[in-house]
Amino acid sequence: MKYYLIVGEASGDLHASHLMRSLQKEDPEAEFRFFGGDLMTAVGGTRVKHYKELAYMGFVPVLLHLRTIFKNMSLCKKDISSWQPDAVILVDYPGFNLKIAKFIRKNHIPTHVYYYISPKIWAWKEYRIKNIKRDVDELFSILPFEVPFFEQKHHYPIHYVGNPTADEVRSFLKERDERGEMKDERGEMRKVIALLAGSRKQEIKDNLPAMLEAVKDFPEYQPVVAGAPSIEDTYYEQFLAEADVKIVHNQTYHLLSQATVALVTSGTATLETALFDVPQVVCYKTPVPHLIRFAFNHIIKCKFISLVNLIADKEVVQELLADRFSVKNIREELSKILPGQSGREQMLKDYQQIRTALGDTCAPDNAARIMVKLLQAPTS
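Residues numbered from 1 in each chain as written. Predicted model: local features only at pLDDT ≥ 70, side-chain atom pairs only at ≥ 80, totals over all residues. Heavy atoms only, no water.

Caption draft 1: Just the overall build of the chain, in detail. For the chain, the helix and strand inventory stands at 18 helices and 13 strands. In the chain, which comprises 380 residues, the proportion classed as buried is 49%. Partitioning the intrachain contacts of the chain with sequence separation of at least 6 by distance along the chain shows that 65% fall at a separation of at least 24. Of the roughly 18500 Å² that the chain leaves accessible, carbon and sulfur atoms contribute 53%. (Helix = DSSP H or I, 4+ residues; strand = E, 2+ residues; numbered from the N terminus. Buried < 20%, exposed > 50% of the residue type's maximum accessible area, 1.4 Å probe, protein only. Contact = heavy atoms within 4.5 Å. Areas by Shrake-Rupley, 256 points an atom, 1.4 Å probe, with all protein chains shown as cover.)

Caption draft 2: Main features of the sheet that holds strand S11 (residues 261–264). Overall, parallel pairing links the six strands, which are arranged S10-S9-S8-S11-S12-S13 in an open sheet. Every interior strand has two partners, whereas the edge strands, strand S10 (246–249) and strand S13 (318–321), have only one. With direction set aside, neighbouring strand axes in the sheet form an average angle of 20°. In this structure, strand S9 (residues 222–227) lies alongside S10, joined through four bridges in parallel fashion. Residue Val224 lies in a different strand from S10, and its bridge partner there is Lys246. (Pairing = 2+ DSSP bridges. Axes fitted to C-alpha atoms, helices over the stretch in contact; angles between N-to-C directions.)

Caption draft 3: Fine view of the pairing of strand S6 (residues 138–141). Pairing between strand S5 (residues 112–116) and S6: three bridges, direction parallel. Counted as the bridge partner of Tyr116 is Phe140 from S6. The parallel pair S5 and S6, bridged by helix H6 (residues 129–135), forms a crossover whose chirality is right-handed. One ladder, built from two bridges, connects S6 with strand S7 (residues 159–160); its direction is parallel. Across the sheet, the residue bridging to Phe140 is His159, located in S7. (Right-handed = clockwise from strand over helix to strand, strands pointing away.)

Caption draft 4: Summary view of helix H13 (residues 268–275). Where burial is concerned, most of H13 is hidden: seven out of the eight residues are buried. Among the residues trailing H13, Asp277 stands out with phi positive, at a value near 60°.

Caption draft 5: Spotlight on unusual backbone geometry. A positive phi is found at Gln84, a non-glycine position, where the angle reads about 55°. Tracing the backbone through its elements, the reader meets Gln84 in the loop between helix H4 (66–83) and strand S4 (87–91). Judged by its relative accessible area of 36%, Gln84 is partly exposed. Even without glycine at this site, Lys125 takes up a positive phi of about 60°. Here Lys125 lies in the loop between S5 and H6. Taking relative accessible area as the criterion, Lys125 reaches 33% and is therefore assigned partly exposed.

This is the structure:
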């Protein structure tokens, strides 16, 4: 069968590449065509466009590149119409992907529309549920709390297939243990504070300086920054200066496997940190902090910003967001989760509940099995 996949960023490229390999296991004759990245290209098939030509974030960059965005969307629509895939698989990236789904439905293109890694409309733009109900045949979720949101609140059945981040962490830990790493020298190496300050320059600029200032009060620990793949070392140098701080690139899992505690900017990194059993403080500086706090209290329906707390549906990790973001608060919360502190033990217990909620099934294998079964089912 023919599968057309569309992703818009690096994480989508990663998850889609795993899904493609799983689809190959379920359907040995699978053909792929895609808007994607290097990881998907390594699996095979035809790449129409690299996701880097789509990934514009923020109002101004989008405005400046509107012509390119519309050109790529037009190309995608024409390419799908011409290739006539059995399934179009949309991976996150709702601004682009929901428009493609609408085009397919409106023009009665004979293909199935599957959404892998559902749009996070529970946090923002909940009105998009109308588009999803109208234009998407099957929705595949990787977050367990999305099931009641879609099925109970909006009466739209979905598939919870497991969490790919949990899969990736399990795989890393298994391979590490098989190699015998970290067995005898864990004591010294564990005295590390991991600093995960985000993947974009603005996030790093906003959060890293306060993180670095806070960890100065813990000289017995070695601060190590997880460098974002797309950010050059020279950008970090302006913040690190003469500080005794190390930086590693493309080794976030290795860093977390050695860390005692972590300071983390919100995102998938908060879940990765929890799955490595590293107690953490979530730090997220915002503009106009008091206005943001008002919005969270009265406008935004999402109670938390970290995946850890969202999955647990309670405050497992402290979220120093908006008006709570300060060096003093970071320092105080960090001290509560060091070895021997009661806050650390409680957090580790809560992490186990999160691991249980996520389950231990392989998300891409699960999704691929369901997709192929649906495509092979006889039409009535």
